[in-house]
Structure formats: structure tokens, C-alpha cells
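The chain contents come next:
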Amino acid sequence: LIRKIHMARFVFVLVAMMAFIALASAGIWSSCGSSADLLQVQSVTLDPNPPVKGQNLTVTAAATLSATVTSGQAVVTVLWNNALLLNNTYDICDISGSPLSCPVAAQNFNIQQTIMVPDVIPSGSYTATVNATANGGSPLACLNVDLTF
């Protein structure tokens, strides 16, 4: 059970980071949002690129948030080889290990986050959807991500 909880937490952090990764890596993402989303990302770098099992992954992103975020949620769905792995809703202001906490003022900012990609993560195809809203339902960001380990 503890391993399952840690894996679910890792998968959520990975999916959140993959959302940033996706914006920089052609071919693994598509937007399900619009130019009206409150969060617009200008640049993303990965180290290493692509991510490697058993190694740290550092993601650095520059983004613009067009309105202060005081609350919100992210609906995260992850499929592994087309089998449902995760389908949860998270409070975006209470994400363990996040470099940001609410309220987040409208601003241009740079963030950097490093996570360990477990070497035990099963090989296969991961498909994720992250649909985030803020401040009672305003679209924050929405991404579809495909990644293979």
C-alpha cells in the first residue's frame, strides 16, 4: 500500500512536470486548453532530455500567470498501456513538493523542480490528461501528454 501511495504521488508529480515538459517537447503533447488559459508557458528545459529511469530529472520553466490564483484544482488521468493508473482531482494549492504555494500573484516567473525518476517505473506507454482550473473554475491549463519509458 505504501509503495502504491508513493507511486501515485510520483506519477502525479511526473504528470505535472510532464505538462511543462510537453510544452517544450514536440510530438508528446497536445493542448486541450486555449489562449485564454491563465497560465502560458514561454520556455522549458529538461536535464536529462529525455528523462531516464533511475536518474534525477530537472525541469526549468518560464511562464506567465495572467491573474492571481487563490484556489484551484487539477483533474489528472493517467493511463499505462491503456489501463487506468490514476484518475484523481488535486487541490493545486496543496501539492506536496511544489515550488509554489497559493496565493500565486499574476506574474512572470521561473521555476525549477528536480525529481527522481524511479528505476522501478514500469516500461510502457503513458498517456495523461491534466485539466486545471483556478479561482472557482477559470481555465488555468489543460494538456494531453504521451510518454514512453
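Values in this document were obtained by computation on a predicted structure and should not be read as measured data.

**Focus on the pairing of strand β8 (residues 138-148)**
Point 1. Two strands pair when backbone bridges link them, and strand β7 (residues 125-134) and β8 are joined in this way by 10 bridges, in the antiparallel orientation. Within β8, the residue paired with Ser125 across the bridge is Thr148.
Point 2. Where β7 folds back onto β8 in an antiparallel hairpin, the turn is made up of 3 residues, including Asn135, whose phi is positive at roughly 50 degrees.

**Some remarks on the state of the cysteines**
Point 1. Evaluated as defined, the whole model comprises 2 disulfides.
Point 2. For Cys32, the disulfide goes to Cys142, at an S-S distance of 1.8 Å. Here the S-S torsion is close to -90 degrees, and the disulfide linking Cys32 with Cys142 is therefore left-handed. Placement of Cys32 in the loop between β1 (29-31) and β2 (39-47) and of Cys142 in strand β8 is noted, with a sequence separation of 110 residues between them.
Point 3. Residue Cys142 is classed as buried on the basis of its relative accessible area, which comes to 9%.
Point 4. Between the sulfur atoms of Cys93 and its disulfide mate Cys102 the distance is 1.9 Å. Handedness of the Cys93-Cys102 disulfide follows from its S-S torsion of about -75 degrees: it is left-handed.

**Observations concerning the environment of Phe149**
Point 1. Position of Phe149 among the secondary structure elements: in the segment after β8.
Point 2. Accessibility expressed as a relative area gives 19% for Phe149, which makes it buried.
Point 3. In sequence terms Phe149 and Val52 are 97 residues apart; their C-alpha atoms lie 7.9 Å from each other.

Rules behind the numbers
- Residues numbered from 1 in each chain as written.
- Predicted model: local features only at pLDDT ≥ 70, side-chain atom pairs only at ≥ 80, totals over all residues.
- Heavy atoms only, no water.
- Pairing = 2+ DSSP bridges.
- Helix = DSSP H or I, 4+ residues; strand = E, 2+ residues; numbered from the N terminus.
- Disulfide = S-S within 2.5 Å.
- Buried < 20%, exposed > 50% of the residue type's maximum accessible area, 1.4 Å probe, protein only.

Such coordinate-based values are descriptive only and should not be taken to indicate function.
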